[in-house]
Amino acid sequence: MKFISTRGGECVTGAQAIAQGIAADGGLFVPESFPAVSAEELEAMLSMSYAERAAAVLHKFLDEYDYEGLKAACEKAYAQFEGGDAAPLVKIDAGLYMLELFHGPTCAFKDMALTLLPYLLRTGCDLVGIKEQVLILVATSGDTGKAALEGFKDAPGIKIMVFYPNDGVSKMQKLQMATQEGSNVSVLAVRGNFDECQSAVKRIFTSDACKEELKGRGYILSSANSINFGRLAPQIAYYFSAYLDLVSSGQIDMGAPVNFAVPTGNFGNILAAYYAKRMGLPVGRLVCASNKNNVLTDFIKTGVYDKRREFYKTMSPSMDILISSNLERLLFELSGREPQRVKMRMEKLAAEGVYELYDEEREAVQELFWADSCGEDETVETIYEFFEEYQYPMDTHTACAMYAASNYIAQHEKDAAPMVVVSTASPYKFPQDVMYAVTGNDIKDSFKAIKHLNIATAMKVPKSLSKLRDKPVRFTAVSDGDKLYGEVLGFVEKK
Ligand SMILES: *Cc1c(COP(=O)(O)O)cnc(C)c1O
């Protein structure tokens, strides 16, 4: 399978797309066509383990990777998840399910892809014949950074540097990154918000001068951000797996549609659901949930993407985003795969901060997606209400999706398809906010909040979070966006 750039400039193999991260013309790599999963193949996947399902989906796109190698890598990656099942589906009520994607090493759904990406990347580089070391730069709004650091720590031939907005991540997220182990890792706080942090990293990626200089020092750049197809591909698998679990547990018949509600920031997770649908999975409506930063909600409702608005810091920081990078891949599909149109819009977004869909594109997007945004008070209320009713504690991001899902269900009585809400983080990753929502107690200390939340909810505390308290802090530096490249050079020089 070949991959092309959303801006028209390139056609490469899957291995190359993953090794490179982003296309040279600034576009994102997308599969040349969507590989179909037949009804027979879906049937055959029913009896598979999560790792086998994931390998089967991945191999559809990455056919130059050896299937057995992929399967072994998936088995190794998902064996690190607590509880035996990497993506359990929990029934909440009739027709309402939670897809829990937070049982990995860092307690957020990013682990689903980032435990596997080192394998995909290293093997990709080998297949392409790249001899240089790989330097991974990650801009993170919180959860990606830690998951990437965990995934790549001490991976041979790879160095990783993570940048996060100094005031834009939770205390727990900051502590998780600051205490990161590994000899090949570095973490840096950047003044400004996530979009500024991401733009600064993107400038390095799109600078030929930077790339040349790094190559001279024996490094090629790659990305672990969700723009890398190697991040997207493993995420497609859990939509298949959730669907298959509904069938194998007798909740639905094979072929019946299922809706998904996804808490959305960079549009990576929900895009994976759309890709699954394009491959033939019977996905109904996709509910795109935003927090107070509702740029995507407005986009889906009006067809106008307008980032010229206030940026809010919320209790769901991984969704505090005004520029959703992966939306470019959807735009490419909506435009009928017209790279010129994508390019024009991305240029317009960069220059004016706004672009607009054509009528038929807006209609198409509204048929696929439904959108809603969830404010801070609604987040707290949703967590409280669902805990009261079902004794099920949710994290702040997941609560946004549950809020949107509830509104979708209330407003679409004729749509009888079951709703799967995608749960993207453990409630223990945002313990103060969840504790406050559940009990009304405002506890300042994260670890105390974890303890009290455990008493209040009886939900098991993930091992990786309870161990965090005793780990030494390794990274405390703060820098400015325009100095990042200098920091990168400093890191690669360090032995
Ligand atoms: C990253 C993240 C999101 C947003 O996912 P996208 O793929 O960026 O849309 C939602 N919730 C949590 C907990 C996250 O870490």
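Provided above is the structure to which this section pertains.
Rules behind the numbers
- Residues numbered from 1 in each chain as written.
- Predicted model: local features only at pLDDT ≥ 70, side-chain atom pairs only at ≥ 80, totals over all residues.
- Heavy atoms only, no water.
- Salt bridge = Lys/Arg side-chain N within 4 Å of Asp/Glu carboxyl O.
- Buried < 20%, exposed > 50% of the residue type's maximum accessible area, 1.4 Å probe, protein only.
- Helix = DSSP H or I, 4+ residues; strand = E, 2+ residues; numbered from the N terminus.
- Expected span 1.5 Å × (residues − 1).
- Contact = heavy atoms within 4.5 Å.
- Near = heavy atom within 4 Å.
- Polar contact = N/O pair within 3.5 Å; in protein donor to acceptor, adjacent residues only side chain to side chain.
- Areas by Shrake-Rupley, 256 points an atom, 1.4 Å probe, with all protein chains shown as cover.
- Nonpolar A, V, L, I, M, F, W, Y, C, P; charged D, E, K, R; others polar.
- Pairing = 2+ DSSP bridges.

Quick look at the pattern of salt bridges
As enumerated under the stated definition, the model contains 21 salt bridges in all. Linking E213 and R217 is a salt bridge whose minimum nitrogen-to-oxygen distance equals 3.1 Å. We classify R217 as partly exposed; its relative accessible area is 35%. Each of K146, E150 and K153 takes part in salt bridges that share partners, so that together they form one network.

Let's talk about helix α3 (residues 50-61)
Along an α-helix, a turn takes 3.6 residues, which lines up residues three or four apart on a common side. Given a rise of 1.5 Å per residue, twelve residues ought to cover 16 Å, and the 18 Å separating the end C-alpha atoms of α3 matches this to within 8%. Turning to α3, its buried residues are Y50, A51, R53, A54, A55, A56, V57, L58 and F61. Packed against the buried residues of α3 are β1 (2-5), β3 (29-31), α2 (39-45), α4 (67-78), α5 (111-114) and α11 (229-248).

Some thoughts on the site of the ligand
Neighbouring residues of the ligand: 15 residues in total, closest K110, D143, G265, N266 and T424. Measuring from a nitrogen atom of the ligand, one finds a side-chain N or O atom of T424 at 2.8 Å. Protein contact buries 97% of the 380 Å² of open area that the ligand shows by itself. Taken together, the residues of the shell around the ligand sort by class into five nonpolar, eight polar and two charged.

Regarding the pairing of strand β14 (residues 369-373)
For β14, the tally of buried residues reaches four of five residues, placing the bulk of the element in the interior. Pairing of strand β11 (residues 283-290) with β14, which is carried by five bridges, proceeds in the parallel orientation. What sits directly across from S290, in β14, is S373.

Spatial relationships are all this shows, so hold off on functional conclusions.
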